[in-house]
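Given next are the chains, with one letter for each unit.
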Amino acid sequence: MELEKFVANFAAQFDETDASIFTAETKFRDVEEWSSILALSLIAMVDEEYDVKLKGDDIRNSQTVNDLYEIVKSRK
Amino acid sequence: MAYLNIPNVVVRGISACVPRHIDENINYPMEEEDRVKLISSIGVERKRIADKDTCTSDLCFKAAEKLIDELNWDKSEIDCLIFVTQTPDFILPATSCILQHRLGLSTECYTQDISLGCSGWVYGFSSIASLLFAGGGSLRKALLLVGDTTSKVNSKNDKSTWPLFGDAGTATALEFELGSDGLKFHLASDGDGAEAIIIKDGGYRNIISDASLVSNFFEEGISRTNLDVYLDGMSVFSFAISRAPQSVKKLIEKFEIDKDSVDYFEFHQANLYLNEKVRKKLQLEPEKVPYSLKNFGNTSSATIPLTMVTELRDKLKSKKLSHISCAFGVGLSWGSVYFNTDKIVCPDLIEY
């Protein structure tokens, strides 16, 4: 799986935040629009696009988009 | 592989009872903008809350009495009672024995408690149908009593649980009938997610102590004791959006069910955001997927029979219908059932 595509899929979950601000190093919790609902939409995206189940702790223990990418990649 | 195909069992009626007291989520103390977002994503505007003297068994008792009455059943022919709950009257004895006596059923009655939450109606349905089948006619009529008063184990200061859960008790009446179509099930479990929904203290792993009673602050809007339900919403969501549709698909494939011919798909009412993901994943039309979430919230194991009573009552009474019901949650535990109903008895929602 590709990091670039993962970042794009990640960014697509946000409605009000410009997708161009997202990189692998973005600390997603610092993005103003981040919320518990957005976390759910992210989990749904990972389930649909990668067929991987993220747990609550995976999200709570991750800081950057890349952290989540590594988790998803390791479970592919 | 837990697939079951159980002939010779029919559903005769379904009833539900909720407490009178209505708790409006619009009054839940949090910042207005956040509250509006929360209510629209979970889809719960209000729910029923039992008072301190009302137990799950009281709600189920009322539901059962009304159902037996409208069915015109002779109580001496009820040979089996299963009570599914995670909020029993006591740690011991089993509440099903208390209900057998309270309902005036025969002492020759088979009774049993099952400790399951959200998946409980589907699981209890599989157990009671298996018993009726195995009895070969010696168990004539049976009552499946299912519900929870989750409000008793929710912290009012926990926004991740209090606005979501409501209280309800239900009764499903089944009968042995040689040659009937019967019921088809897929059932599954995954204890790897045991801590995703848990009450940590008060059992025998962590016996109740003074510390169990202390309210702990976790973050803004989330305080609870270790005797309250902890819910890891993200983990449960992740589990449910994959396992629920998968279970329905397995059921359909295994038993070669014509999906388009199914009249209604009743899902456990977890929360609207999650349920809509599940519905869309299975490509089901909204008309076939009823919801009772808005007015009753997530009533744990009671959601499916409660939804049938509140949303499908007239059709259940007047038509022959085919159903797939799918329930999922605490355990983790999940399953699906395919069954038919033919003009069953379905009393109006009871308030107690």
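Below, the structure is looked at part by part.

1. Considering helix α8 (residues 303–318) of chain B
- Spanning 16 residues, α8(B) covers 22 Å between terminal C-alpha atoms, matching the ideal 22 Å at 1.5 Å per step.
- Taken residue by residue, α8(B) has T303(B), I304(B), P305(B), L306(B), T307(B), M308(B), V309(B), L312(B), R313(B) and L316(B) as its buried positions.

2. Structural notes on the packing of aromatic side chains
- Here the structure, examined in full by the defined rule, presents 15 aromatic pairs over all chains.
- Here the aromatic rings of F10(A) and F22(A) are separated by 5.9 Å at their centres, their planes lie at 55 degrees, and the arrangement is tilted. In this pair, F10(A) is assigned in helix α1 (residues 3–11) and F22(A) in the loop between α1 and α2 (36–50), connecting sequence segments 12 residues apart. For the residue pair F10(A) and F22(A), the accessibility class agrees, reading buried in each case.
- When the centroid spacing of 4.7 Å and the interplanar angle of 45 degrees are considered together, the rings of F14(A) and F22(A) count as tilted. Comparing F14(A) with F22(A), the two get one shared label, buried.
- The structure contains a cluster of three or more aromatic residues connected by ring pairs, namely F6(A), F10(A), F14(A), F22(A), F28(A), W34(A), Y50(A) and Y69(A).
- Sitting above the plane of the F61(B) ring, R102(B) keeps its charged end 4.1 Å from the centroid.

3. Some points on a negative patch on the surface
All names here are of chain B.
- On the surface, a cluster of negative charge is made up of E31, E32, E33, D34, E219 and E220.
- In terms of residue count, helix α1 (residues 32–42) provides more of the negative patch than any other element does, 3 residues in total.
- Looking at where E33 falls in the secondary structure, it is placed in helix α1.
- Exposure remark for E33: the relative accessible area of 52% places this residue in the exposed category.

The rules behind these values
Within each chain, residues carry numbers counting from 1 in the order of the written sequence. Written order determines the labels here, with chains lettered from A and ligands numbered from 1. It should be noted that, the model being predicted, local features are given only for residues of pLDDT at least 70 and side-chain atom pairs only at 80 or more, the latter also being counted only at that level, while totals for whole chains, interfaces and linings use all residues. Side-chain metrics rest on all non-hydrogen atoms present in the structure, leaving aside hydrogens and water. Only runs of H or I of at least four residues qualify as helices and only runs of E of at least two qualify as strands under DSSP, and these elements are numbered from the N terminus. Here the expected span of a helix is defined as 1.5 Å times the quantity of residues minus one. Per-residue accessibility, obtained with a 1.4 Å probe over protein chains only, is compared with the maximum for each type, and a residue is labelled buried under 20%, exposed over 50%, and partly exposed between these values. For Phe, Tyr and Trp, where Trp contributes only its six-membered ring, two rings pair if their centres lie within 6.5 Å, and the inter-plane angle classes them as stacked under 30 degrees, edge-to-face over 60, or tilted in between. We call a charge positioned above a ring when the Lys NZ or Arg CZ atom is no farther than 6 Å from the ring centre and deviates by at most 35 degrees from the ring normal. Candidates for patches are residues over 30% relative accessible area with no salt bridge; among them, like charges are joined within 9 Å and nonpolar side chains (Val, Leu, Ile, Met, Phe, Trp, Tyr) within 5 Å. Each accessible area is a Shrake-Rupley estimate made with a 1.4 Å probe; only the visible protein chains count as cover when residues are assessed. Salt-bridge detection follows one rule: a side-chain nitrogen of Lys or Arg within 4 Å of a carboxyl oxygen of Asp or Glu. Positive charges are assigned to Lys and Arg, negative charges to Asp and Glu, while His and the chain termini are left out of the count. To locate a charge, take atom NZ for lysine, CZ for arginine, CG for aspartate or CD for glutamate.

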